[in-house]
Amino acid sequence: MKLIYLFLCLVIHNVETMNSFAKYTLTQLDEIKQKSVIRGEYKDVAQESAGAIVFNSRTVGYVGGQKNSSPLRDAIYYIISGGYCYAGMSQFIIIDLLQTYQLNTIKVWLYDRDPTFIRTYDMQLFISSSDTNDQLIYESNISKSLTTIKFPDTQIKQIKIKNRGGSTIDQWLILLKIQAFYAF
Ligand SMILES: *[C@@H]1O[C@H](CO)[C@@H](O)[C@H](O)[C@H]1NC(C)=O
C-alpha cells in the first residue's frame, strides 16, 4: 500500500513538473480535452460499441445473420456468407449516432466481391445534426469499394446514404461497413 502511495506521489510530482515545462497552459489543455470529447475522442463513432444504430433498420435488408450484417460491426472480415446490408432504389440507409459529434471524415465500404471486376454504384451521402437539415457532402455515380469522404468540421447526428441509381449490376446499394470520425 505504502509503495503504491509512493508511486502515485512520484507520478503526480512528475506530471506537475512536466506541466510546468509543457507548451500548453491549463486553459489550453481544457480546450484540447473538450475538443476531443465533442470529436468522439478521435475514434470511429459509427459503431455499435459507440452506441450508433441503423435508424431505419426496418426498411434495410441484411444478409449474414445477426452478428455479420450490420455496417456498424467490427468483424468485417468474416465473409463466408453475407456480411452486408442493402437498400433498394431511391431508399436510404440512415445511421444515427449516440449524440452529435464534430466530425470531418466518413468512410464507406461498398460491396466489391465480384469475381472479375468491381461494380460501381450511384449514391449520395447526406449529413445532419439535430439543428440542421440534410446537407449533401458526396455524390457519385461511380462510387466503389472503400471510399473516403473528407469535409469541413461539421456537427453530425445522422448520416444518410441514398441509393440514387443502383449499381452497374442491379438495383441494390450494398454496404459492408461505414466509419465516421475526426481525422487530422
Ligand atoms: C455518370 O454521370 C455522368 C454525367 O451525368 C454520365 O455521363 C455517365 O454516363 C454516368 N456514368 C454511369 C456509370 O452511370
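Rules behind the numbers
Residues numbered from 1 in each chain as written. Predicted model: local features only at pLDDT ≥ 70, side-chain atom pairs only at ≥ 80, totals over all residues. Helix = DSSP H or I, 4+ residues; strand = E, 2+ residues; numbered from the N terminus. Buried ≥ 20, exposed ≤ 12 C-beta atoms within 10 Å, placed from the backbone. Contact = placed C-beta atoms within 7 Å. Pairing = 2+ DSSP bridges. Core = buried A, V, L, I, M, F, W, Y, C linked by C-beta atoms within 7 Å. pLDDT = per-residue confidence, 0-100. Expected span 1.5 Å × (residues − 1).

The name given to the protein in an unreviewed UniProt entry is F5/8 type C domain-containing protein, with the source organism recorded as Paramecium tetraurelia.

Trainee: Can you lay out the overall build of the protein for me, pointing to particular residues and giving the numbers?
Mentor: Per the secondary structure count, the protein includes two helices and eight strands. Listing each helix as α and each strand as β along the protein from the N terminus yields α-α-β-β-β-β-β-β-β-β. Classification of the 184 residues of the protein by burial places 25% in the buried group. Put simply, 74% of the contacts in the protein that link residues at least 6 apart link residues at least 24 apart.

Trainee: Let's hear about the pairing of strand β8 (residues 173–181): which residues, and what values?
Mentor: Among the nine residues in β8, eight count as buried, and that is most of the element. Two elements, strand β3 (residues 84–87) and β8, share three bridges in a ladder whose sense is antiparallel. Opposite Ala 87, over in β8, you have Leu 173 as the bridge partner. When strand β4 (residues 92–110) meets β8, the two strands line up antiparallel, connected through six bridges. Looking across to β8, one finds that Lys 107 is bridged to Gln 179.

Trainee: Provide a residue-level description of the environment of Gln 158, including the pertinent values.
Mentor: One can find Gln 158 in strand β7 (residues 146–167). Sequence separation of Gln 158 and Leu 97 is 61 residues, and the distance between their C-alpha atoms is 6.1 Å. Those residues within four positions of Gln 158 in sequence are excluded, and the remaining contacts are Phe 55, Ile 94, Ile 95, Asp 96 and Ser 128.

Trainee: Could you give me a rundown of the nonpolar core, with the residues and numbers involved?
Mentor: By size, the foremost hydrophobic cluster in this structure holds 35 residues, and its most contacted members are Ala 46, Ile 93, Ile 159, Ile 161, Leu 175 and Ala 180. At the level of elements, β3, β4, β5 (121–128), β7 and β8 are the ones that each hand at least two residues to this core. Of the residues forming this core, the biggest block, 10 residues, is contributed by β4. Sequence-distant contacts of Ala 46, defined by excluding residues within four places in its chain, comprise Ala 52, Leu 72, Ile 95, Leu 97, Ile 159, Ile 178, Gln 179 and Ala 180.

Trainee: Give a description of the confidence of the model for the protein that names residues and reports values.
Mentor: Caution is warranted with low-pLDDT regions, since their predicted coordinates should not be read in detail. Of all residues in the protein, 86% have pLDDT values of 70 or greater, and the mean over the chain is 89. Looking over the protein, one finds the lowest element-wise mean pLDDT in helix α1 (residues 2–21), namely 53, and the highest in β5, namely 98.

Trainee: Tell me what's going on with the environment of Ile 38, and back it up with residues and numbers.
Mentor: Among the structural elements, Ile 38 can be located in helix α2 (residues 26–38). Judged by the 15 C-beta atoms lying within 10 Å of it, Ile 38 is partly exposed. In the structure, Ile 38 is positioned 65 residues away from Leu 103 in sequence and 8.6 Å away in space, judged by C-alpha atoms. Other than its neighbours up to four places away in sequence, Ile 38 contacts Tyr 101 and Gln 102.

Trainee: Report on α2, specifying residues and quantitative values.
Mentor: For α2, which comprises 13 residues, the first-to-last C-alpha distance of 19 Å matches the rise-based estimate of 18 Å (1.5 Å per residue) to within 8%. When you tally the buried positions in α2, you get zero out of 13 residues, a small fraction of the element. Gly 40, located one to two residues past α2, shows a positive phi value of around 65°.

Trainee: Break down the pairing of β3 for me, citing the residues and quoting the values.
Mentor: Relative to β3, strand β2 (residues 61–63) runs antiparallel, the two sharing three bridges. Across the sheet, Gly 61 pairs through a bridge with Tyr 86, a residue of β3.

Trainee: For unusual backbone geometry, give the residues involved together with the corresponding values.
Mentor: Most peptide bonds take the trans configuration, and most residues that are not glycine carry a negative phi. Although it is not a glycine, Tyr 42 sits at a positive phi angle of roughly 65°. Topologically, Tyr 42 is positioned in the loop between α2 and β1 (53–54). A positive phi angle, near 45°, is found at Ser 145, a position not held by glycine. In this structure, Ser 145 sits in the loop between β6 (135–143) and β7.

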